[in-house]
Amino acid sequence: MKNSFSLLELIFAIFLLILISSYFYFNPTNNKLQEATKRIELYLKQTRYQALIDNKKNFSDTQWHKQRWTMKFFRCSNNRGLYYVIYSDTNKLGHPNEDESLLDPLTKKRVYSTNSCEYNSKRSKYVLLTKEFDIIKVDISCNTTDSLGQISFGSDGKVYTKLSTKDNGFNEFELKKRCEIKLIDKNLKEKSIFIEPKSGFIGLNKLNQ
């Protein structure tokens, strides 16, 4: 009974998320930094819910944890800005492919880009942080990678700052304290999103609202 209730709870949460998303998509703000921050908050929540309903746990595979649902930030080629991708690394090669990326349930577009950072009719334009929103820097306080950073979610509700390459390394890099994702635009204005450890709660910092 507990498992059934949890599944219904997740379905209801996803339904609410889609309703909130649809309101936001049809009521855009004129403030690019604010819009980028709210969209990332929304996509982070969507990534978390995706992880909760798509259990990757498989102890017959010593590297199953590399398939956890992840939002990862990248630099465009030729110093043309920043973008992000939401994906599950099903082939476990360490870099997202388009067919591994999240399909936005509202727009039916992939939350994905290549490092050329070009617009594509099959991909969400909102992942192009610099091109679409004038974001020039992303600072993730809990970053444990050699890149801009990533946030990964487990089906157990836990949050991870990196996915271990070691066999059976599924418990490594768990988030232990609040993480802040700060977005900085070309005018050096800032807004940020926080993620809590254990609960995985995601929200906007009060000064952003």
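Residues numbered from 1 in each chain as written. Predicted model: local features only at pLDDT ≥ 70, side-chain atom pairs only at ≥ 80, totals over all residues. Heavy atoms only, no water.

Chemist: Describe in detail the pattern of salt bridges, supporting the description with residues and values.
Modeler: All told, the structure shown has 15 salt bridges when counted by the stated rule. Between Arg80 and Glu118 there is a salt bridge, and its shortest N-O distance comes to 3.3 Å. Here Glu118 lies in the loop between β2 (82-88) and α3 (129-133) and Arg80 lies in the loop between β1 (69-75) and β2, a separation of 38 residues in the sequence. (Salt bridge = Lys/Arg side-chain N within 4 Å of Asp/Glu carboxyl O. Helix = DSSP H or I, 4+ residues; strand = E, 2+ residues; numbered from the N terminus.)

Chemist: Outline the sheet that holds strand β5 (residues 159-160), listing residues and values.
Modeler: Read across the open sheet, the 4 strands follow the order β2-β1-β4-β5; overall the sheet is antiparallel. Among the strands making up the open sheet, the edge pair consists of β2 and β5. Direction of pairing for β1 relative to β2: antiparallel, over a ladder of 7 bridges. Residue pairing for β2: Thr70 is matched across the bridge by Tyr87. Across the face of the sheet, helix α2 (residues 32-53) comes into contact with β1, β2 and β4 (149-153) while running at roughly 140° to β1. (Pairing = 2+ DSSP bridges. Contact = heavy atoms within 4.5 Å. Axes fitted to C-alpha atoms, helices over the stretch in contact; angles between N-to-C directions.)

Chemist: Which residues make up α2, and what values do they have?
Modeler: Three- or four-residue spacings in an α-helix give side chains the same orientation, since the helix completes a turn every 3.6 residues. Compared with the 32 Å implied by 1.5 Å per residue over 22 residues, the 32 Å span of α2 between its first and last C-alpha is a close match. Measuring from the backbone nitrogen of Leu33 back to the side-chain oxygen at the start of α2 gives 3.1 Å, which picks out Asn31 as the cap. (Expected span 1.5 Å × (residues − 1). Polar contact = N/O pair within 3.5 Å; in protein donor to acceptor, adjacent residues only side chain to side chain.)

Chemist: Now, about the pairing of strand β7 (residues 190-195): what can you tell me, with residues and values included?
Modeler: One face of the sheet, then the other: side chains in a regular strand alternate in exactly this way. With 5 of 6 residues buried, β7 lies mostly within the body of the structure. Relative to β7, strand β6 (residues 179-185) runs antiparallel, the two sharing 6 bridges. Residue pairing in the sheet places Cys179 in a bridge with Ile195 of β7. Taking the residues between adjacent antiparallel strands as the criterion, β6 and β7 are bridged by 4 residues, where Leu188 takes a positive phi near 65°. Across 3 bridges, β7 lies against strand β8 (residues 202-204) in antiparallel orientation. By the bridge assignment, Ile193 is partnered in β8 with Leu204. As consecutive antiparallel partners, β7 and β8 are separated by 6 residues, and within that stretch Lys198 has a phi angle of approximately 65°, a positive value. (Buried < 20%, exposed > 50% of the residue type's maximum accessible area, 1.4 Å probe, protein only.)

Chemist: Please provide a residue-by-residue account of the packing of aromatic side chains, values included.
Modeler: Within a pair of aromatic rings, the relevant descriptors are the distance that separates the centres and the angle that separates the planes. Within this structure, the stated rule accounts for 8 aromatic pairs. Residues Tyr43 and Tyr84 carry aromatic rings whose centres are separated by 6.2 Å and whose planes lie at 65° to one another, so their mutual orientation is edge-to-face. Taken together, the residues span a long stretch of sequence, with Tyr43 in helix α2 and Tyr84 in strand β2 at a distance of 41 residues. Note on accessibility: Tyr43 and Tyr84 belong to one class, buried. For the ring pair Phe59 and Trp64, a centre distance of 5.8 Å and an interplane angle of 85° mean the geometry is edge-to-face. Under the relative-accessibility criterion, Trp64 is labelled buried at 4%. The ring of Tyr160 has Arg68 sitting right over it, with the charged end atom 3.9 Å from the ring centre. (Phe/Tyr/Trp six-rings, centres within 6.5 Å; stacked < 30°, edge-to-face > 60°. Lys NZ or Arg CZ within 6 Å of the ring centre and 35° of its normal.)

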